[in-house]
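Reading the structure
Letter by letter, the chains look like this.
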Amino acid sequence: MNNQITGALFKQMILHGAAAITAQKQAINDLNVFPVPDGDTGTNMSMTIAAAVAELRKAEPATVDKAASITASALLRGARGNSGVILSLLFRGLSKSLKGCETADAAAFAAALQEGVSAAYKAVMKPAEGTVLTVSRLAAKRAVEAAAEEHDIEVVLEEALKEGYDALAQTTDMNPVLKKAGVVDAGGKGYLLILEGMLAELRGEPMPEIEEDAPKQEKADFQVFSNEEITFAFDTVFIVRKTVEKSLEPLREYLNSIGDSLVIGEDDEAFKVHVHTNIPGEALTEAQKYGTLELAKIENMRTQYEDLSAGKHVQSVDDLEHEDASPAPPEKPFGFLSVCAGDGLAAVFRDLGVDYVVSGGQTMNPSTESILAGVEKIPAETVFILPNNGNIIMAAQQCDALTDKRVIVIPTKTVPQGITAMMNVDFEAENADDIAAAMSDSLSTVTTAQITYAARDSDFDGFEIKEGDYLALEEGKLFGTDGSLDVLLEKLADNAREREASFISVYFGSDVSEEDAQKASQVFCRVCPDAEVAVLSGGQPVYYYIISME
C-alpha cells in the first residue's frame, strides 16, 4: 500500500514510465491511421519523456514538487510532435497542481492528473475527442473518484488505467479516421503505457529491458589536421553560483581577450562558461569575482588530438556538457526559421531569406528545444517559424513562452506552403503582424502533392493498398495508389491541369535520380503546356516527389 509519493519515488515512477513506452514505441508507431510511413507517435512520445529522464538522472529531488517541476520543464523543451507537446502539457498541469508539496497523497496525485488534463485542453486550440485528451480526461476523472474511496495511490492508478483503457477502446468509434483504420488512438495508448510504468514502479516491478541498436557514426579523419592548428589548448567549462549582482560583460571581455569559442549562459542564480584558452586557471580566478565556483571541466585538446590521430580512446570529463544556449543579440527586427529535411530544400529556403534551417519533417519531428535553439541563434527581435508539417506546429508554438524574442508561427503544413509563404514576405515591411498576415494568406494559393510508399497492406477510404505500393497524397489526403509511379504522376498532372495551375515545381527526393526527375517533370509539361514547370533537387527522405501547384 502506498499512501505518499515522495520526490525520489516520483523520479523513479517517471523513469519506469519512460522505459515502458520506449519498450513499446514501435507498437504505438504501428497504430497508424494511414498507410503512409508517418507512424511516429511512439517515437515522439518516448523521445519527449526521455528528455525528462535525462534531467531527472542528474537530480535527487527532495520533494515531489521539485521532481514534477524538473519533469515538466524537460518535457516542454524536449517535446516532439503533437503527441509530445500534449504529453508535456499533461505534466505541466500536474506540476502546477503539486507546487509547494513535499509529498503527494492519493487525493493530491489524482487532482494533479486532472489539472494536467485541464492544462492540455486549454492549450489545444481545437480539442478533438477520441484522442489522448479523451483518454486522459476520463482516466483522471476516475482517479479523483477512486481517491475519494481509497487512500491508496496504487488503487487510484489502477482505477484510472481501467477507465483509461475503456476510453481507449472507444476512441475507434469516436474518431472517424480511427474507425476507418480500425485502430485505437496511438497517443492515448502511449499515455496509458506511461501510467502503467508509473504504477509498476509503485508495485516494485522491474523495469522492462530496452534493446537499442547503437547507430553507426561516421568518423572524421583527424590525421588531416596538425597539432599546431590548435591555438588555444584547453577546453574549459565551468559553472559559478552568483553571490553578487553585477553585469557579466567585463568577464565576457576578459575571457575573449585570453581565448576564443566563448559562450556564457546565465539565469538568475548561476552562469555557465565555455571557453578555449591557454590559461584556464586565470579564467577560473577571474570568474570567482562574480560568485562561487561550483563545477569545472578542463580538457587538453592537443593531447586529445594526438590520441584521436593514433586511434586511441580519448580521456574526457563528461560532467559538464557544453551547449551554446546564449541567444544571439538582435541585429535586425525580423528573422525566419524553417523546418525541412533535405539539403536541396534547405538551400531553397535559404535563398528565399530564411536565416536558420532546422532539420526535420515527416517521421523526424524536431523537439521544441531544437527549434528554440535555432530561434536563439537568429539575431532578430521577432522570429517567424515555418514548421512545414502539421505535426510540428504545436512544438513550434511552445517556443514563444521560452524566449525573450517574439515568435510567430506561420501554420505551414507542407514544404511548398513554406516556400510560398517566404515568397510573399515583404522584407521592407516594418510591422510583424502585416508580414504574418501576408504569409498566412498566401498558403491557400498553393496545392501540395506528395508521392511516397505504403508501409503495410491496408484498406483505406475505398482504396485497397498493398505494402510497397506508391501512394499519392494531395493536401494530406489520399489521392491515389498504384504499383506504377508513372500512373500516379499522370493522374497528378491531370489534376494540375484541372486546377489550371500556372506554376508547378517538382522537388525530387534522395531516392530519385535527376534523370528520372526530369522524366517526371516532362509529364507535367506535356499535360499542362501552359504552366511553367520547374524541377529541383529537394533531397528529402520519405517522399519520392513533393509537387507544388499554384
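Residues numbered from 1 in each chain as written. Predicted model: local features only at pLDDT ≥ 70, side-chain atom pairs only at ≥ 80, totals over all residues. Heavy atoms only, no water.

1. A closer look at the overall build of the protein chain
- Helix and strand content of the protein chain: 20 helices and 16 strands.
- Counting over 550 residues, the protein chain shows a buried share of 51%.
- Counting only contacts in the protein chain whose residues sit at least 6 apart along the sequence, the fraction spanning at least 24 positions is 71%.
- Carbon together with sulfur atoms contributes 47% to the accessible area of the protein chain, which is approximately 26000 Å² in total. (Helix = DSSP H or I, 4+ residues; strand = E, 2+ residues; numbered from the N terminus. Buried < 20%, exposed > 50% of the residue type's maximum accessible area, 1.4 Å probe, protein only. Contact = heavy atoms within 4.5 Å. Areas by Shrake-Rupley, 256 points an atom, 1.4 Å probe, with all protein chains shown as cover.)

2. Comments concerning the pairing of strand β7 (residues 380-386)
- A large share of β7 lies buried, amounting to six of its seven residues.
- Of the strand pairs in this sheet, strand β5 (residues 332-340) and β7 are connected by six bridges, and their pairing is parallel. Bridged to phenylalanine 334 within β7 is threonine 382.
- For β7 and strand β8 (residues 406-409), the ladder comprises four bridges, and the chain directions are parallel. Across the sheet, residue phenylalanine 384 finds its bridge partner in β8, namely isoleucine 408. (Pairing = 2+ DSSP bridges.)

3. Description of the environment of glycine 539
- By secondary structure assignment, the location of glycine 539 is in the loop between β15 (532-537) and β16 (545-549).
- For glycine 539, a relative accessible area of 29% gives the class partly exposed.
- Placed 29 residues apart in sequence, glycine 539 and serine 510 show a C-alpha to C-alpha distance of 4.3 Å.
- Dropping the residues within four chain positions of it, glycine 539 is found in contact with Gly342, Phe508, Gly509 and Ser510.

4. Comments concerning the sheet that holds β5
- An order of β6-β5-β7-β8 is seen for the four strands of this open sheet, with the pairing classed as parallel. Because the sheet does not close on itself, it has two edges, and the strands there are β6 (356-359) and β8. The average angle at which neighbouring strand axes cross in this sheet is 25°, direction not considered.
- Pairing geometry for β5 and β6, over four bridges, is parallel. When the bridges of β6 are listed, valine 339 appears paired with valine 358.
- Helix α14 (residues 343-351) rests against β5, β6 and β7 of the sheet, and its axis sits at about 165° to β5. (Axes fitted to C-alpha atoms, helices over the stretch in contact; angles between N-to-C directions.)

5. Side note on the sheet that holds β15
- On the basis of which strands lie adjacent, the open sheet formed by six strands has the order β13-β12-β9-β16-β14-β15 and mixed pairing. Bordering the open sheet on either side are β13 (477-482) and β15, each of which pairs with just one other strand. Strand-to-strand twist of the sheet, defined as the mean angle between neighbouring strand axes without regard to direction, takes the value 20°.
- Inspection of the sheet shows strand β14 (residues 503-508) paired to β15 by six bridges, in the parallel sense. Considered in β15, the bridge of phenylalanine 503 is made with glutamate 532.

6. Concerning the environment of glycine 259
- Residue position: glycine 259 is located in strand β2 (residues 259-266).
- Sequence separation between glycine 259 and proline 280 is 21 residues, and the spatial gap between their C-alpha atoms is 9.4 Å.
- Not counting residues within four places of it along the chain, the set of residues in contact with glycine 259 comprises Phe232, His276 and Thr277.

7. With respect to the packing of aromatic side chains
- Using the criterion set out here, one finds five aromatic pairs in the structure.
- Ring geometry for phenylalanine 336 versus phenylalanine 384: centroids 5.1 Å apart, planes at 15°, classification stacked. In this pair, phenylalanine 336 sits in strand β5 while phenylalanine 384 sits in strand β7, placing the two residues 48 residues apart along the sequence. No difference in accessibility class separates phenylalanine 336 from phenylalanine 384, as the two residues are buried.
- Seen from their ring centres, phenylalanine 336 and phenylalanine 427 are 5.6 Å apart, and the 70° between their planes marks the pair as edge-to-face. Pair noted here: phenylalanine 336 is in strand β5 and phenylalanine 427 is in the loop between α17 (415-423) and α18 (432-442), with a separation of 91 residues, a long-range link. (Phe/Tyr/Trp six-rings, centres within 6.5 Å; stacked < 30°, edge-to-face > 60°.)

8. So, the nonpolar core
- Among the nonpolar cores identified, the biggest contains 82 residues, and Ile5, Phe10, Phe109, Met198, Leu337 and Ile385 are the most heavily contacted of them.
- Here this core gets nine residues from one element, more than from any other, and that element is helix α10 (residues 186-202).
- Not counting residues up to four positions away in its chain, the partners in contact with leucine 337 are Val354, Tyr356, Val358, Ile371, Gly374, Val375, Ile378, Val383, Phe384, Ile385 and Leu386. (Core = buried A, V, L, I, M, F, W, Y, C linked by side-chain atoms within 4.5 Å.)

9. Description of helix α12 (residues 280-287)
- If you check which residues of α12 are buried, you get Pro280, Ala283, Leu284, Glu286 and Ala287. Buried positions in α12, seen along its axis, are confined to an arc of 165° and lie on one side of it. (Arc of directions from axis to C-beta.)

10. With respect to the packing of helix α3 (residues 41-57) against helix α4 (residues 64-78)
- Contact geometry for α3 and α4: axes closest at 8 Å, N-to-C directions at 135°. Relative to α4, the element α3 is oriented oblique. In this structure, α3 crosses over α4, and the sense of that crossing is right-handed. Residues Met47, Thr48, Ile49, Ala51, Ala52, Glu55 and Leu56 of α3 lie in contact with α4, whose contacting residues are Ala67, Ile70, Thr71, Ala74, Leu75 and Gly78.
- Looking at the contact of α3 with α4 residue by residue, the classes come out as nine nonpolar, three polar and one charged. (Parallel < 35°, antiparallel > 145°, perpendicular 65-115°, else oblique. Left-handed = near helix turned anticlockwise from the far one by under 90°. Nonpolar A, V, L, I, M, F, W, Y, C, P; charged D, E, K, R; others polar.)

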